[in-house]
Each structure stands twice: as structure tokens, then as C-alpha cells.
Amino acid sequence: ISELTGLSISNSSLLDEATAAAEAMSLSLAVRKNKNANKFLVDQEILPQTLDVLKTRCEPLGIELVMFENINLKIDNNVFGIIIQLPGKNGRIWDPTSIINQVHKVDAIVTIAIDPLAQVLIKPMGEFGADIVVGSAQRFGVPIAFGGPHAAFFATKEIYKRQIPGRIV
């Protein structure tokens, strides 16, 4: 997973991609530089089950979810993180570099939910500048009960190793 994502730390033991995305949102909130920031931007191409889990997780934390399209992205100092889905629910893959650069200008965390088989076809998300990459490892055919559960993965930079959920691999 580290090789595929281009990020140095990865883990297992997360239930599914949606839960991994919610954990990424929680990590982003915990490490935010602006402690008053409460907005988490969500790609309109996010998978519906992931959006549902994000909504459930953000409510008790006081997080405001803001949906965006990559053409109308508005970032301000109240944004602490963003999640981009690649490929999106409609199967589109695009270059997220400009959005990642915009998000980093306000010291926010970038999470990308990626299909690991699609990741084989494009350069690692870490090389695009992603801070966190999540996804479902079950696409590799590892059954849930075979040493798992490890249906989801969570990869991040070394700097966040103390905040990463699950077990470090």
C-alpha cells in the first residue's frame, strides 16, 4: 500500500473505505493548524456510502461538510481538510494537483480515496501531494476473515504516524 500510494506509513484493521475516510477526516481535524476551522470539503464524486459515514461522524464533532466540484472549489481559512474521490462515482480520473496546492495554501489536509487498482495506472497520490490516502484493499481479493479484517487501508505521511487509526504495518 505504501508503494502504491507513495506514502511512508500504512495500516490495516479498518472496516471499509467509508470508515477509513471518516478516520482521515478525524485525523485532519485533530492536527489542524487553525483550531477554529470547522469545514471539511467533500468531492461531489464521493461514493454514497462514504458520504453517509462522513455525515454521521461529523455531526457530533461540529464539522460542517461542504460538497464541491473541482471546477468551483472555494477554499477559505475555515477549511481544515478535503477528501477527493479517484476515480469518482462516475469513473472519472483527473489530476488533483491544482486543488491540492490550493488546500495546502490554507494549511489544510488533503485526503484522497483511491481505488488501488486504478492507482496502478497513475502515479502515486503521495507524489501529487496527498497527505492521506484511503481505499478498499478487498479489491485485491483478500477475504475479510483471512487474517483481517483488512478490507480498508489508510496511508499517510510519517509526520502523522501517532494519529493514524488501526495497526501500523
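Above this text is the structure in question.
Summarised in this report is the structure supplied together with it. Being a predicted model, the structure only gives us computed values, none of them experimental.

**Remarks on the pairing of strand S5 (residues 109-114)**
Line of reasoning, step 1. Burial analysis of S5 places six of its six residues in the buried class, the great majority of the element.
Line of reasoning, step 2. The alternating pattern of S5 places Ile 109, Thr 111 and Ala 113 and Val 110, Ile 112 and Ile 114 on opposite faces, both of which are buried.
Line of reasoning, step 3. In this sheet, S5 lies alongside strand S4 (residues 79-86) in parallel orientation, the contact comprising six bridges. In the sheet register, Gly 81 faces S5, and the bridge partner there is Ile 109.
Line of reasoning, step 4. Considered for its hand, the β-α-β crossover made up of S4, helix H4 (residues 97-105) and S5 is right-handed.
Line of reasoning, step 5. Of the pairings in the sheet, the one linking S5 to strand S6 (residues 132-136) comprises three bridges and is parallel in character. Within S6, the position partnered with Thr 111 by the bridge is Ile 132.

**A closer look at the nonpolar core**
Line of reasoning, step 1. Of all hydrophobic cores here, the largest spans 27 residues; its most connected members are Phe 40, Leu 54, Ile 83, Val 134 and Phe 154.
Line of reasoning, step 2. Among the elements that line this core, the one with the most residues is helix H2 (residues 17-30), at seven residues.
Line of reasoning, step 3. Counting 23 residues, the second-largest nonpolar core is a separate cluster that includes Phe 68, Leu 86, Ile 99 and Ala 130.

**Focus: the pattern of salt bridges**
Line of reasoning, step 1. Scanning the entire structure with this criterion turns up four salt bridges.
Line of reasoning, step 2. Note that Lys 157 and Asp 131 form a salt bridge whose closest N and O atoms lie 2.8 Å from each other. Placement of Lys 157 in the loop between strand S7 (152-156) and strand S8 (167-168) and of Asp 131 in the loop between helix H6 (125-128) and S6 is noted, with a sequence separation of 26 residues between them.
Line of reasoning, step 3. Relative accessible area serves as the criterion here: at 4%, Asp 131 is assigned to the buried category.
Line of reasoning, step 4. Lys 161 serves as the salt-bridge partner of Glu 158, at 2.9 Å between the closest nitrogen and oxygen.
Line of reasoning, step 5. Classification of Glu 158 as partly exposed rests on a relative accessible area of 39%.

Rules used in this analysis
Residues numbered from 1 in each chain as written. Predicted model: local features only at pLDDT ≥ 70, side-chain atom pairs only at ≥ 80, totals over all residues. Heavy atoms only, no water. Buried < 20%, exposed > 50% of the residue type's maximum accessible area, 1.4 Å probe, protein only. Helix = DSSP H or I, 4+ residues; strand = E, 2+ residues; numbered from the N terminus. Pairing = 2+ DSSP bridges. Right-handed = clockwise from strand over helix to strand, strands pointing away. Core = buried A, V, L, I, M, F, W, Y, C linked by side-chain atoms within 4.5 Å. Salt bridge = Lys/Arg side-chain N within 4 Å of Asp/Glu carboxyl O.

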